[in-house]
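Descriptive structure summary
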Amino acid sequence: MINESQAHNVIGATAYGTNGGKIGTVGQLFLDDATGRPEFVTVNTGLFGTKESFVPVADAELDGADLRLPYDKDLIKGAPNVDLESGGHLAEGDEDRLYAHYGLSLGQSGTGYADPGLAGTSGTSGTGTGTMGTAPAGHDTSGPSTDDAMTRSEERLDVGKTSQEAGRARLRKYVTTETETRTVPVTKERAVVESEPITGGNVDQALDGPAISEEEHEVVLEEERPVVGKTTEAVERVRLGKESTVDEETVTEEVRKEHIEVEGDVDDRRR
């Protein structure tokens with residue numbers, strides 16, 4: 001329950017319902033004319049806080065800048081519309097409709113009317129419930145008041161680069177066998193039989209030896225044959241290196257952007 005010392009801190013507080021969900025900002029506080037105790041608050045609800053819903057605060061609790069109400073958001077938003085009388089008072093019939101909407105009665109315990117001394121202060125004597133004050137025009141309706149402007153934010157896509165292994169390359173040396181053919185000229189000797197007449201120049205050699213005899217004479221024939229040998233020699237050096245190429249890749253990602261729309265009779269001068 002809100003006491004008189006907390007009354008001035010209620011206006012501008014953020015109202016929360018039974019499920020912990022934020023409902024809106026407290027705009028006005030109404031006090032009992034006889035006791036001065038807080039009795040009703042108005043909470044800005046609806047789109048952009050355009051509606052003020054009346055809520056009993058007999059069972060409400062003020063926790064710092066948060067006002068916790070024992071009702072859910074739908075019940076508060078569906079509260080009856082109320083027109084204040086002159087002097088900022090609630091009419092008796094309007095109080096009855098509000099308490100009926102919230103399932104309360106004038107004599108129900110916990111509503112602020114259980115004390116017989118307060119029973120006649122709810123408007124039955126014509127005094128009604130008076131307003132303590134209202135929040136200034138242009139205040140925030142969805143949270144704590146800041147200034148007269150609303151900040152629009154949007155996400156920006158920041159694209160960077162990171163290096164990662166894309167593959168590997170290696171040099172490997174292996175041996176194959178090929179057949180290579182070369183033509184080499186070779187020389188071969190063969191025997192040739194020749195005859196020559198007896199002349200004065202060879203007569204001595206021709207008559208050297210017996211007149212009639214048997215004998216043999218031979219010559220050695222030679223020929224060249226190819227001889228194959230192999231030597232190993234270095235023919236080239238192969239090195240594994242790296243080079244860079246530049247390609248372009250397209251990045252697609254979702255970003256969130258806030259948009260601010262205007263309702264009502266407003267001259268929108270935004271570009």
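Not measured: the values here are computed from a predicted model.

It is worth spelling out the overall build of the chain at this point. If you tally the helices and strands in the chain, you get four helices and eight strands. For the chain, the sequential pattern of α-helices and β-strands runs α-β-β-β-β-β-β-α-β-α-β-α. Counting the 271 residues in the chain, one finds 24% classified as buried. Sequence-distant contacts in the chain: of pairs separated by 6 or more residues, those separated by 24 or more amount to 58%.

In this section: the environment of Arg37. Structurally, the position occupied by Arg37 is in the loop between β2 (22-32) and β3 (38-45). A sequence separation of 35 residues divides Arg37 from Ile2, and the C-alpha atoms of the two residues are 8.0 Å apart.

The space that makes up the largest pocket amounts to roughly 920 Å³. What lines the largest pocket is a set of 18 residues, among which Glu178, Glu180, Gly229, Lys230 and Thr231 lie closest to the centre. A breakdown of the residues in the lining of the largest pocket according to their chemical character gives seven nonpolar, five polar and six charged.

Turning our attention to the packing of aromatic side chains. Throughout the structure, instances matching the rule amount to three aromatic pairs. Both rings, one in Phe30 and one in Phe54, keep their centres 5.2 Å apart while their planes meet at 40°; by these two values the pair is tilted. Taken as a pair, Phe30 in strand β2 and Phe54 in strand β4 (residues 51-56) lie far apart in primary sequence, 24 residues in all. For Phe30, a relative accessible area of 0% corresponds to the buried category.

Another point: the pattern of salt bridges. Proximity of charged atoms lets side chains of opposite charge pair with each other. If you walk through the whole model with that rule in mind, you get ten salt bridges. Of the charged contacts in the structure, one is a salt bridge between Arg182 and Glu180, with a shortest N-O distance of 2.9 Å. Under the relative-accessibility criterion, Glu180 is labelled exposed at 61%. With its nearest N and O atoms 3.1 Å apart, the salt bridge here joins Arg269 to Asp267. Here Arg269 matches Asp267 in class, with each residue exposed.

Within β2, nine of the eleven residues are buried, which leaves the element mostly enclosed by the surrounding structure. As defined by bridge partners, strand β1 (residues 14-16) adjoins β2 across three bridges and the pair is classed as antiparallel. Its bridge partner being in β2, Thr14 is matched across the sheet by Thr25. Where β1 hands over to β2, the hairpin turn is made up of five residues, of which Gly20 adopts a positive phi near 85°. As defined by bridge partners, β2 adjoins β3 across five bridges and the pair is classed as antiparallel. Counted as the bridge partner of Phe30 is Phe40 from β3. Counting the residues between successive antiparallel strands, the hairpin from β2 to β3 contains five residues, one of them, Gly36, with a positive phi of roughly 80°.

What follows covers the side chain of Asn202. With respect to the helices, strands and loops of the structure, Asn202 is situated in the loop between β8 (129-134) and α4 (203-206). Of the polar contacts made by the side chain of Asn202, one reaches the backbone oxygen of Pro197; its length is 3.1 Å. A distance of 2.6 Å separates a polar side-chain atom of Asn202 from the backbone nitrogen of Thr199. Once residues within four sequence positions are removed from consideration, Asn202 is found in contact with Glu196 and Pro197.

Quick look at the nonpolar core now. The biggest cluster of nonpolar side chains holds 28 residues, and the ones touching the most others in it are Val10, Val41, Val55, Leu67 and Leu69. Every element with two or more residues in this core is listed here: α1 (7-10), β2, β3, β4 and α3 (92-101). With four residues, β2 is the largest single contributor of residues to this core.

On average, the chain scores 81 in pLDDT, and the residues at 70 or more come to 81%. Mean pLDDT across the elements of the chain bottoms out in β8 (50) and peaks in β1 (93). Confidence drops under a pLDDT of 50 for residues 107-128, and excluding neighbours within four residues, the segment shows 45 contacts in the predicted structure. Taken as a whole, residues 133-137 scores under 50 in pLDDT and shows nine contacts with residues more than four places along the chain or in a different chain.

This part covers the side chain of Asp94. Mapped onto the fold, Asp94 is located in helix α3. Within the local environment of Asp94, its side chain forms a polar contact with the side chain of Arg97, the two groups lying 2.9 Å apart. Residue contacts for Asp94: discarding those within four places in its chain leaves Val82 and Asp83.

Scoring rules and cut-offs
- Residues numbered from 1 in each chain as written.
- Predicted model: local features only at pLDDT ≥ 70, side-chain atom pairs only at ≥ 80, totals over all residues.
- Heavy atoms only, no water.
- Helix = DSSP H or I, 4+ residues; strand = E, 2+ residues; numbered from the N terminus.
- Buried < 20%, exposed > 50% of the residue type's maximum accessible area, 1.4 Å probe, protein only.
- Contact = heavy atoms within 4.5 Å.
- 1 Å grid on protein atoms, 1.4 Å probe; cavity = no way out; pocket = protein on both sides within 12 Å on 5 of 7 lines; lining within 4 Å.
- Points joined across faces, edges and corners; volume = space filled by probe spheres on them.
- Nonpolar A, V, L, I, M, F, W, Y, C, P; charged D, E, K, R; others polar.
- Phe/Tyr/Trp six-rings, centres within 6.5 Å; stacked < 30°, edge-to-face > 60°.
- Salt bridge = Lys/Arg side-chain N within 4 Å of Asp/Glu carboxyl O.
- Pairing = 2+ DSSP bridges.
- Polar contact = N/O pair within 3.5 Å; in protein donor to acceptor, adjacent residues only side chain to side chain.
- Core = buried A, V, L, I, M, F, W, Y, C linked by side-chain atoms within 4.5 Å.
- pLDDT = per-residue confidence, 0-100.

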